Amino acid sequence: MISRKVAVIGAGPAGLVASRELVREGHEVVVFEQNDRVGGTWVYDPNVDSDPLGLDPSRTIIHSSLYDSLRVNLPREVMGFTDYPFVAQVKDDRDPRRFPRHSEVLHYLEDFANHFGLVELIRFESEVIYVGLSEEEEELKNSWVVRSRKKGEAGIAHDVFDAVVVCSGHYTQPNIAEIPAVFVLGTDAWPGKQLHSHNYRVPEPFSDGTVVFPDGSLVHVDVIVHCTGSTLCLIKSFDLQTSPSFPKIRGSHDEPRGPLHFWVLMPLPTPLPILSITNDSLDE
């Protein structure tokens, strides 16, 4: 087999397993990761986009959509790679539960990267700013040019590869819902704050207001549990008690913030609510 020089963009789950398979096939692999650690979307960041609704194309973008209380909605047995099971570990910094917190998934990915020697392949804090076919001399005609920028450095790195594997994910770009006309996003028709759930992290800022959720997606069910204590309104009804994720979600918060009756469809209050959380790209 001919060995190729391959660029992998992103050191999240897809980038790590792609790199491992390429190395197994004898290829030379370089991984570009804009963060300072592996994990991709599983790296929790308390910061949020500069535009909380995600409509401004020039906004400062935060890659991860994780919120602080998130636990996985799949058992760990089906989340691991086939030849590297996601087994529970009883350690001080680990979560051995079957539906663990997001930090446990990050630990698993870090263990995977270390076990297979992938860390030394990664250029951390390197943002890829351009990928395209080479337009240089004939021998590089079918090659790929990758330009990247190292955090804190002014220069641009220029590399040539035989192939490029893009593993940068699709959860950074919010998916804005189509909701009733009274909730016109991005205009003055809505008198309160508007927030995409990509930019939700903790419930405390909303503890004294009314929170409106346009639908009953699984992300919203989890956030609803976290926000109970505020007045909640679902624009589309959702039977939480019959949701397959309800037992896990109900047990995912050590200190529930309010009674169950806040989790049902409620009429819109007067005056209008202070916050609208739109549907999330995580549900795609």
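Small disclaimer: the values here were computed from a predicted structure and weren't measured.

S.K.: Any details on the overall build of the protein chain? Residues and values, ideally.
M.R.: Along the backbone of the protein chain there are 4 helices and 11 strands. Among the 284 residues that make up the protein chain, the fraction classed as buried is 45%. Sequence-distant contacts in the protein chain: of pairs separated by 6 or more residues, those separated by 24 or more amount to 64%. Carbon and sulfur atoms make up 53% of the accessible area of the protein chain, which amounts to about 14700 Å² in all.

S.K.: Which residues make up the pattern of salt bridges, and what are the values?
M.R.: It is possible for side chains bearing opposite charge to pair when their charged atoms get close. Overall, the coordinates contain 14 salt bridges when judged by the stated rule. Between E21 and R20 there is a salt bridge, with the nearest N and O atoms lying 2.7 Å from each other. With a relative accessible area of 5%, R20 lands in the buried category. Overlapping salt bridges bring together R20, E21, R24 and D83 as one network.

S.K.: Break down helix α2 (residues 102-115) for me, with residues and values.
M.R.: Relative to the 20 Å expected for 14 residues at 1.5 Å per residue, α2 spans 20 Å between its end C-alpha atoms, a close match to the ideal helical length. With respect to burial, α2 is a largely interior element, 10 of its 14 residues being buried. H102, E104, V105, L106, H107, Y108, L109, E110, F112 and A113 are the residues of α2 that are buried. Each element contacted by the buried residues of α2 is listed here: α1 (13-24).

S.K.: How would you sum up the layout of surface pockets? Please name residues and give values.
M.R.: A volume near 620 Å³ is recorded for the second largest pocket. Around the second largest pocket sit 25 residues that line it, and Q34, N35, D45, I62 and H63 are the ones nearest its centre. With 3 residues, α2 is the single largest residue contributor to the lining of the second largest pocket. Looking at the lining of the second largest pocket residue by residue, the class counts come to 6 nonpolar, 12 polar and 7 charged.

S.K.: Summarise a nonpolar patch on the surface; cite the residues concerned and give the values.
M.R.: Side chains of I129, Y130 and I156 sit close together on the surface and give an oily, nonpolar patch of about 250 Å² of accessible area. With respect to the helices and strands, the residue Y130 is situated in strand β4 (residues 126-133). According to the relative accessible area criterion, Y130 is partly exposed, its value standing at 35%.

S.K.: Tell me about the sheet that holds strand β2 (residues 28-32), and please be specific about residues and values.
M.R.: One open sheet accounts for 4 strands, arranged β3-β2-β1-β7; its pairing is parallel. The open sheet terminates on both sides in strands that have one partner only, identified here as β3 (122-123) and β7 (163-166). As paired elements, strand β1 (residues 5-9) and β7 share 4 bridges and run parallel to each other. In the sheet register, V8 faces β7, and the bridge partner there is V165.

S.K.: Any details on α1? Residues and values, ideally.
M.R.: For an α-helix, 3.6 residues make a turn, and residues three or four places apart therefore share a direction. Under the 1.5 Å per step criterion, the end-to-end length of α1 is 17 Å for 12 residues, consistent within 8% with the ideal 16 Å. Of the surrounding elements, those touching the buried residues of α1 are β1, β2, α2, β3 and β7.

S.K.: Can you lay out the pairing of strand β6 (residues 156-161) for me, pointing to particular residues and giving the numbers?
M.R.: Inspection of the sheet shows strand β5 (residues 144-150) paired to β6 by 6 bridges, in the antiparallel sense. Along β6, the bridge assignment pairs R149 with I156. Counted along the chain from β5 to the antiparallel partner β6, the turn is 5 residues long, and its residue G152 has a positive phi close to 85 degrees.

S.K.: Give a description of the sheet that holds β5 that names residues and reports values.
M.R.: A sheet is described by the order of its strands in space; here 3 strands give the open sequence β4-β5-β6, paired in antiparallel fashion. This sheet does not close on itself; its edge strands, each paired only once, are β4 and β6. On average, each strand axis in the sheet is inclined to that of its neighbour by 25 degrees, with strand direction left out of account.

S.K.: Tell me about unusual backbone geometry, and please be specific about residues and values.
M.R.: Glycine aside, the phi torsion of most residues is negative, and most peptide linkages are trans. Despite not being glycine, E125 has its phi angle at roughly 55 degrees, a positive value. Mapping E125 onto the fold places it in the loop between β3 and β4.

S.K.: Tell me about the environment of D83, residues and numbers included.
M.R.: Position of D83 relative to the elements: it lies in the loop between β2 and α2. Ignoring sequence-local partners within four residues, the contact set of D83 consists of R20 and R24. A distance of 2.9 Å separates a polar atom in the side chain of D83 from a polar atom in the side chain of R24.

Calculation criteria
Residues numbered from 1 in each chain as written. Predicted model: local features only at pLDDT ≥ 70, side-chain atom pairs only at ≥ 80, totals over all residues. Heavy atoms only, no water. Helix = DSSP H or I, 4+ residues; strand = E, 2+ residues; numbered from the N terminus. Buried < 20%, exposed > 50% of the residue type's maximum accessible area, 1.4 Å probe, protein only. Contact = heavy atoms within 4.5 Å. Areas by Shrake-Rupley, 256 points an atom, 1.4 Å probe, with all protein chains shown as cover. Salt bridge = Lys/Arg side-chain N within 4 Å of Asp/Glu carboxyl O. Expected span 1.5 Å × (residues − 1). 1 Å grid on protein atoms, 1.4 Å probe; cavity = no way out; pocket = protein on both sides within 12 Å on 5 of 7 lines; lining within 4 Å. Points joined across faces, edges and corners; volume = space filled by probe spheres on them. Nonpolar A, V, L, I, M, F, W, Y, C, P; charged D, E, K, R; others polar. Patch = residues over 30% accessible without salt bridge, like charges linked within 9 Å, V, L, I, M, F, W, Y side chains within 5 Å. Pairing = 2+ DSSP bridges. Axes fitted to C-alpha atoms, helices over the stretch in contact; angles between N-to-C directions. Polar contact = N/O pair within 3.5 Å; in protein donor to acceptor, adjacent residues only side chain to side chain.

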